[in-house]
Amino acid sequence: MKKLTIASSLDKIFPDSKDIYKLESLSMLKNEKKAFQIVFSAEKGERISLSLHSSLSEYLHFSKIKMIKSGYDRAKNADNYYLEKREYYPDLLEPTDIAGFTADYDGLNAVWVQISGDGLPVGNHEISVLLGEEKCSISISIIDALLPKQELIYTNWFHTDCLMSIYGFEAFSDEYWKVTENYLRRAVEYGMNCVLTPLFTPPLDTKVGGERPTVQLVDVKAEGFNTYSFSFKKLDKWIEMCERCNIEYYEMSHLFTQWGARHAPKIIAEKNGKQKQIFGWRTPASGPRYKAFIKQFATALTEYIDKKGIRGKCLLHISDEPAGSMKFTYGKASKIVNRNFKNFKIIDALSSYDLYKSGLIKMPIPATDAIEPFIGNVPELWTYYCGAQGSKYVSNRFFAMPSERNRILGLQLYKYNVKGFLHWGYNFYYSQYSKSVIDPFKTADAGGKFPSGDSYVVYPGKDGMPLDSLRLHVFYDAIQDMLALKLLESKIGYDKTLEIIEKGIDKPLTFTEYPHDARWLEGVREQVNTEIANHI
């Protein structure tokens, strides 16, 4: 006898899961992506054939949910809002033909079903699933309304050197451009509209004295003593690719090393007819050589950007995650960048409110667990999270976290009118400090250093195509929740929209306070959809 049921996209299904909540219906707007899970009991290796009947059949996309070994899944200071500790967690979405596939586990297996596509038919639909003599179904209501255009600037750091290391191609080869575009398109499909653009090899997650593969888009030529010329042909090709993929913003890579801005990034130049590294770990950040270089580079880059007409779409970085104790070195770097890049937006992940108040940066990006003093006190509120945000109940996307903890971010971004969100790991396939390449199918924790799920949301598939994680899809649900709230606000106003979110909860919603309940979160979204339908 097969146990067959339909579960919510927010429930992580393990082979031994008990008491699965049965999802009977859901609603969506006609340009959304929505998902549910078909859950069934089987023996490992058993051939499974699911048949499905629905007027939505052409809009359904199927993936087996595969378990990935976790390793380090939570920090010692983790709060108690995690799933039970496991060796493996459901994460990889492997596209499959449901008419015939193999069960991977003894016990419960799950198929991820995504509803998406152009021209979703408005109205009520039923999806019926058959497995042998067992049957289950779900009702889908498609509302005659569209999510508005996403205004949130969302960047999830895109690491082309990791693609080079995994697939074995050279920088800027034909395969480089092909695979990079494949991964970028997938990122855009799930909400990313801003891309980390490696003017020079990004000085991120690199051990002191070490280096990552060169992915420098700007060609530099040393013409003489402290004199340089620049070519932007590769950057031109990058921007053309990004425009094809519907990228809207360019997050220019950091001009100084991470955690304090003490050094220059690795920069390669043609010198006496040969390619040579001219700056790096041995280069003092505020020394005369690098300051002279930045001045000339800024002039050339600004002229290029203005010729392209994209100044308003460009975001510049100084150094990533400076602490208050780094005020002196970060301050020197900040002055160099601000002096040479006037009237540009300059952003950095920076959670020290005192450092922000010192005036060294106008657009800080505080972590979600440090955002409170910044709320209402910065011109544009941004936020980020990374592996360090695993306590205080803040949202994150680790393997071991329940999916509603991933998705709650959408309501939080809406309430606080957050303008931008940053995460560092779309496809980071290295160990910590980029010391070695990891296999993300086998090592999800960057060599035991980051909580599993922190460093990537897509897996490297065959033929240079990414494979999705369920966390990628759930995060996009958060973005869709935010956009649905924006749509409702346009009809009933902000205050009444916020009332729907906070109705019946004990405390106002914050980045650390919210109900730890998937059913509550789904209920809020269904109520929002009902109100949208009532105001069409």
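In short, a report on the structure. (Residues numbered from 1 in each chain as written. Predicted model: local features only at pLDDT ≥ 70, side-chain atom pairs only at ≥ 80, totals over all residues. Heavy atoms only, no water.)

## What about the overall build of the protein?
For the protein, the count of helices and strands is 11 helices and 25 strands. Against the globule reference of 24 Å for 536 residues, the protein gives a C-alpha radius of gyration of 24 Å, in line with a compact fold. Among the 536 residues that make up the protein, the fraction classed as buried is 60%. Taking contacts inside the protein between residues at least 6 apart in sequence as the whole, the part at least 24 apart equals 73%. On the protein, roughly 22,000 Å² of surface is accessible, and the fraction owed to carbon and sulfur atoms is 48%. Placing the 68 positive and 66 negative side-chain charges of the protein at their respective mean positions leaves the two points 9 Å apart. (Helix = DSSP H or I, 4+ residues; strand = E, 2+ residues; numbered from the N terminus. Rg over C-alpha atoms; globule rule 2.2 N^0.38 Å. Buried < 20%, exposed > 50% of the residue type's maximum accessible area, 1.4 Å probe, protein only. Contact = heavy atoms within 4.5 Å. Areas by Shrake-Rupley, 256 points an atom, 1.4 Å probe, with all protein chains shown as cover. Lys, Arg positive; Asp, Glu negative; His and termini not counted. Charge placed at Lys NZ, Arg CZ, Asp CG, Glu CD.)

## A short note on the packing of aromatic side chains
Under the criterion given, the structure shown has 41 aromatic pairs. Seen from their ring centres, F279 and Y290 are 5.3 Å apart, and the 70° between their planes marks the pair as edge-to-face. Here the residue F279 occupies a position in strand β18 (residues 274-279), and Y290 occupies one in helix α4 (residues 288-308), the gap between them amounting to 11 residues. Here the two residues F279 and Y290 agree in accessibility, since each one is buried. With 5.8 Å between their ring centres and 45° between their planes, Y353 and Y356 make a pair best called tilted. (Phe/Tyr/Trp six-rings, centres within 6.5 Å; stacked < 30°, edge-to-face > 60°.)

## Some points on the nonpolar core
V220, W238, F256, F293 and F297 are the most contacted members of the largest nonpolar core, which has 162 residues in total. Residue contributions to this core peak at 13 residues, all from helix α9 (residues 470-492). Sequence-distant contacts of V220, defined by excluding residues within four places in its chain, comprise F200, Y228, S229, F230, I267, I268, A269, E270, I278 and F293. With 30 residues, the next largest nonpolar core counts F36, I48, L60 and I98 among its residues. (Core = buried A, V, L, I, M, F, W, Y, C linked by side-chain atoms within 4.5 Å.)

## Focus: the side chain of R212
In this fold, R212 is placed in the loop between β13 (194-197) and β14 (219-224). Overall, R212 belongs to the buried group, its relative accessible area being 5%. In this structure the side chain of R212 is engaged in a polar contact, spanning 2.7 Å, whose partner is the side chain of D161. Leaving out residues up to four positions away in the same chain, R212 has contacts with H159, D161, C162, T201, P202, L204, D205, T206, K266, F428, Y430 and S434. (Polar contact = N/O pair within 3.5 Å; in protein donor to acceptor, adjacent residues only side chain to side chain.)

## Structural notes on the sheet that holds strand β1 (residues 4-8)
Ordered in space as β1-β3-β9-β6-β7, the 5 strands form an open sheet in which the pairing is antiparallel. Looking at strand neighbours, the two that pair on one side only are β1 and β7 (88-95), the edges of this open sheet. Across the sheet, the mean angle separating the axes of adjacent strands is 35° when strand polarity is ignored. With 9 bridges connecting them, strand β3 (residues 34-42) and strand β9 (residues 107-115) associate as antiparallel partners. Directly across from I38, in β9, lies its bridge partner V111. (Pairing = 2+ DSSP bridges. Axes fitted to C-alpha atoms, helices over the stretch in contact; angles between N-to-C directions.)

## Observations concerning the packing of helix α2 (residues 174-189) against helix α3 (residues 233-244)
Describing two packed helices takes the angle between their axes plus the distance from one axis to the other. Two numbers describe how α2 lies on α3: the axes approach to 10 Å, and their chain directions differ by 40°. Crossing hand, α2 versus α3: right-handed. Every residue of α3 that contacts α2 at Y176, W177, T180, E181, L184 and R185 is listed here: K234, K237, W238, M241, C242 and R244. Residues belonging to the contact of α2 with α3 are distributed by class as follows: 6 nonpolar, 1 polar and 5 charged. (Left-handed = near helix turned anticlockwise from the far one by under 90°. Nonpolar A, V, L, I, M, F, W, Y, C, P; charged D, E, K, R; others polar.)

## A word on a positive patch on the surface
The grouping of K291, K332, K335 and R339 at the surface amounts to a positive patch. Among the elements that take part in the positive patch, helix α5 (residues 327-340) stands out by supplying 3 residues, more than any other. Among the structural elements, K291 can be located in helix α4. (Patch = residues over 30% accessible without salt bridge, like charges linked within 9 Å, V, L, I, M, F, W, Y side chains within 5 Å. Salt bridge = Lys/Arg side-chain N within 4 Å of Asp/Glu carboxyl O.)

## Some points on α3
The terminal C-alpha atoms of α3, which comprises 12 residues, lie 17 Å apart, in line with the 16 Å expected from a rise of 1.5 Å per residue. Inspection of α3 places L235, W238, I239, M241 and C242 among the buried residues, and these make up the whole buried set. Taken around the axis of α3, the buried residues stretch over an arc of 160°, which confines them to a single face. On its buried side, α3 packs onto α1 (160-167), α2, β13, β16 (249-252) and α4. One or two steps after α3, the chain reaches N246, where phi turns positive at roughly 70°. (Expected span 1.5 Å × (residues − 1). Arc of directions from axis to C-beta.)

## A word on the sheet that holds strand β2 (residues 25-29)
Judged by pairing direction, the sheet is mixed, and its 4 strands sit side by side in the order β2-β11-β10-β5 without closing on themselves. Each of the sheet's edge strands pairs with one partner strand only, and the pair in question is β2 and β5 (51-53). Looking at each pair of strands side by side, their axes are set apart by 25° on average, direction ignored. Packed on one face of the sheet, helix α11 (residues 518-534) meets β2 and β11 (134-143) and runs near 55° to β2.

## Things to note about the packing of α1 against α2
It is at 10 Å that the axes of α1 and α2 come closest, and there the two elements cross at 120°. The way α1 lies across α2 gives a crossing that is right-handed. Contacts between α1 and α2 involve T160, L163, M164 and Y167 on the former and, on the latter, Y176, V179, T180 and Y183. For the contact of α1 with α2, the class distribution of residues is 6 nonpolar, 2 polar and no charged.

## A word on the pattern of salt bridges
Going through the model one piece at a time under the given rule, you end up with 31 salt bridges. We note a salt bridge from D16 to R86, for which the minimum N-O separation is 2.7 Å. With D16 in the loop between β1 and β2 and R86 in the loop between β6 (60-69) and β7, the pair connects residues that are 70 residues apart, well separated along the chain. Owing to a relative accessible area of 21%, R86 belongs among the partly exposed residues under this scheme. Where K30 meets D144, a salt bridge forms, and the shortest distance between an N and an O atom there is 2.6 Å. Remark: D144 occurs in the loop between β11 and β12 (153-156) and K30 occurs in the loop between β2 and β3; sequence separation between them is 114 residues.

## Brief notes about the pairing of strand β17 (residues 267-271)
Successive residues of a regular strand alternate their side chains across the two faces of the sheet. In the sheet, β17 pairs with β18 via 5 bridges, with the strands oriented antiparallel. Bridged to I268 within β18 is Q277.

## Concerning the environment of A75
Structurally, A75 can be placed in the loop between β6 and β7. The spatial distance from the C-alpha of A75 to the C-alpha of Q389 is 9.5 Å, given a sequence separation of 314 residues.

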